[in-house]
Structures are given as structure tokens and as C-alpha cells.
Amino acid sequence: DAKTTQPPSMDCAEGRAANLPCNHSTISGNEYVYWYRQIHSQGPQYIIHGLKNNETNEMASLIITEDRKSSTLILPHATLRDTAVYYCIVSFNYGGSQGNLIFGKGTKLSVKP
Amino acid sequence: KAGVTQTPRYLIKTRGQQVTLSCSPISGHRSVSWYQQTPGQGLQFLFEYFSETQRNKGNFPGRFSGRQFSNSRSEMNVSTLELGDSALYLCASSLNGNNEQFFGPGTRLTVL
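The text that follows walks through the structure, step by step, so that each part is easy to find.

Procedures and definitions
Residues numbered from 1 in each chain as written. Chains lettered and ligands numbered in written order. Predicted model: local features only at pLDDT ≥ 70, side-chain atom pairs only at ≥ 80, totals over all residues. Heavy atoms only, no water. Contact = heavy atoms within 4.5 Å. Buried area = accessible area lost by both parts, 1.4 Å probe. Salt bridge = Lys/Arg side-chain N within 4 Å of Asp/Glu carboxyl O. Polar contact = N/O pair within 3.5 Å; in protein donor to acceptor, adjacent residues only side chain to side chain. Phe/Tyr/Trp six-rings, centres within 6.5 Å; stacked < 30°, edge-to-face > 60°. Helix = DSSP H or I, 4+ residues; strand = E, 2+ residues; numbered from the N terminus. Lys NZ or Arg CZ within 6 Å of the ring centre and 35° of its normal. Pairing = 2+ DSSP bridges. Axes fitted to C-alpha atoms, helices over the stretch in contact; angles between N-to-C directions. Buried < 20%, exposed > 50% of the residue type's maximum accessible area, 1.4 Å probe, protein only. Disulfide = S-S within 2.5 Å.

## Points about the interface of chain A and chain B
As a measure of interface size, the accessible area lost when the parts come together is often cited. Of the residues lining the interface, 19 residues belong to chain A; the matching set on chain B comes to 18 residues. Taken together, both faces of the contact between chain A and chain B bury some 1600 Å²; the carbon and sulfur share is 51%. Run the count over chain A and chain B and you get zero salt bridges. Taken together, the links from chain A to chain B amount to four residue pairs in polar contact (both at pLDDT 80 or more).

## Section: the packing of aromatic side chains
Inspection of the entire model under this criterion finds 11 aromatic pairs over all chains. The interplanar angle of 75° and the centroid separation of 5.7 Å between the aromatic rings of Tyr36(A) and Tyr46(A) together place this pair among those described as edge-to-face. On the criterion of sequence distance, the pair formed by Tyr36(A) in strand E3 (residues 32-38) and Tyr46(A) in strand E4 (residues 45-50) is long-range, its members being 10 residues apart. One aromatic cluster is present, built from ring pairs that chain together Tyr36(A), Tyr46(A), Tyr87(A), Phe103(A), Tyr35(B), Phe45(B) and Phe103(B). The ring centre of Phe50(B) lies 4.5 Å from the NZ or CZ of Arg55(B), which sits over that ring.

## Concerning the sheet that holds strand E8 (residues 84-91) of chain A
Residues and elements named next belong to chain A. Here we have five strands laid out as an open sheet, ordered E1-E9-E8-E3-E4, and mixed in their pairing. Of all the strands in the sheet, just strand E1 (9-13) and E4 have a single pairing partner and so form its edges. Between one strand axis and the next, the sheet turns through 25° on average, direction left out of account. Across five bridges, the pairing between E1 and strand E9 (residues 107-112) is parallel. By the bridge assignment for E9, Ser9 is matched with Lys108.

## Quick notes on the environment of Phe69(B)
Residue and element names in this part refer to chain B. For Phe69, the position within the fold is in the loop between strand E7 (64-68) and strand E8 (74-78). Classification of Phe69 as partly exposed rests on a relative accessible area of 23%. Along the backbone, Phe69 and Gln37 are 32 residues apart, and their C-alpha atoms lie at a distance of 24 Å.

## Details of the sheet that holds strand E3 (residues 19-24) of chain B
Residue and element names in this part refer to chain B. Ordered in space as E1-E3-E8-E7, the four strands form an open sheet in which the pairing is antiparallel. Each of the sheet's edge strands pairs with one partner strand only, and the pair in question is strand E1 (5-7) and E7. Shown here is a sheet whose adjacent strand axes are inclined to one another by a mean of 20°, direction ignored. Pairing between E3 and E8: five bridges, direction antiparallel. Counterpart to Ser22 in the pairing with E8 is Glu75.

## Topic: the pattern of salt bridges
Residues and elements named next belong to chain B. Taken as a whole and judged by the stated rule, the model has seven salt bridges over all chains. In this structure, Asp85 engages Arg63 in a salt bridge whose closest nitrogen and oxygen atoms are separated by 2.8 Å. Taken as a pair, Asp85 in the loop between E8 and strand E9 (87-94) and Arg63 in the loop between strand E6 (53-57) and E7 lie far apart in primary sequence, 22 residues in all. A residue is classified by how much of its surface remains accessible, and Asp85, at 3% relative accessible area, is buried. Residues joined in a network through salt bridges with shared partners are Arg63, Glu82 and Asp85.

## Digging into the state of the cysteines
Applying the stated criterion across every chain yields a total of two disulfides over all chains. Note on cysteine connectivity: Cys22(A) is disulfide-linked to Cys88(A), with sulfurs 2.1 Å apart. Taking the torsion about the sulfur-sulfur bond, which here is approximately -80°, the covalent link between Cys22(A) and Cys88(A) counts as left-handed. With Cys22(A) in strand E2 (residues 18-23) and Cys88(A) in strand E8, the pair connects residues that are 66 residues apart, well separated along the chain. Considered together, Cys22(A) and Cys88(A) belong to a single accessibility category, that of buried residues. Across a sulfur-sulfur distance of 1.7 Å, Cys23(B) and Cys91(B) are joined as a disulfide pair. In this pair, Cys23(B) sits in strand E3 while Cys91(B) sits in strand E9, placing the two residues 68 residues apart along the sequence.

Keep in mind that these numbers describe shape and distance, not what the molecule does.
Okay, structure coming up:
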């Protein structure tokens, strides 16, 4: 089972920041927080991941609370093309016997004009 | 750099048949993982191959199998197809087996 809890859906106005929350209260010390998204009918797309510190790349920012029990993915200026299902996943950095990506139901983000 | 490719993109089979799906990872990637996606169960992990060895397996029956070749290309096979095997089958590759995975477009399998 997925180790994360996400709201099933969220709306965001185009051009505004989209803040997607995720709870992972049972995360262990060596587990990372990964975010993927899946645009309709396409394969999932990696967005970002982090362990403790906040991370930023060209797509998004990841804010992880100090106790690591929750995190927020921030899309700074959402566009219509960001409409997708966003998955928050807790996993070890390397797959294989240590564990692979376990996808939950995710958050369906709808960006509206 | 070319992305992950999967063939065929669409496939229709009948119950009892068997099917083989193919995945070509990004050049240089050594790990290939397979997932099944259905409306009811969502995205579920099938198995992962790294350097031709299966490293991890999800909770699927033995009818689902896979292999990886020396060039990292991977195939998955489903024998004795059932209606419930209708799904989108996704393949993902990663450089060294970490969880920053790159997904292909998937193969849509319909079992009649």
C-alpha cells in the first residue's frame, strides 16, 4: 500500500501557484519523497525528489517539513498543461530489493483559465 | 537523447492467448521496471530488472513474467490472458536503478 495521503482533487487558476500537499507520517530516515505526474493517456513523468532539504528544479519546488512527516509540491506559475494527476511517493533512492515506486491514487490537479 | 519506447502501442488479444510486450530503455540506462495501470487498481508495480537480473517483483501471478537482455532492452510476457489483464502496461527506465524513472508511453492491451 502507498505510504502517503493526498487530497483526491484540487483546482488552481492559471498563472497562480499550485500547492499540492502530501502526508507521509510513517516515512523512515532513509526514505525519499518523490513526485511524479501523469497527464491523461501518457506515462508518468518524474518531477522532483528530496530527502530533508527543500529542493527546486526547473519544473517545481519541493518543501519538506522539518519532521519529514509532510511535504508540499509547488508549481510556481501553473499553466493549463499542468493539468494532471500528481503522485507523491515515499521510497528509498534505489529500487530493487530496497523497494520500488508504489503509486497511490494521487491528486488530480485541474488548472482553470 | 531518445526516450523510452514501447512496442506495440496497442494490442487486442482474446482470452487464453499469450502476449509479449517490448521496452527499449533510454540509452545507457540499466534498470527497467514494468507497471500495470487499470482504472480500478491504479498503477501497480510488476517487476524490475537490473543488468539482466530480476531484482524485485510485485504481487502478480506467475502468468506475468519478464526478462532483460544484455543491451538492457526488456520484454514482459503474459500467458493465458484473462479479461482482467486489460490494462495500460508501462515500462520505465533509470540510469542505475534509482527511483528517478523515465516512463514510456505504454502499451494498451485489450483482452476480449
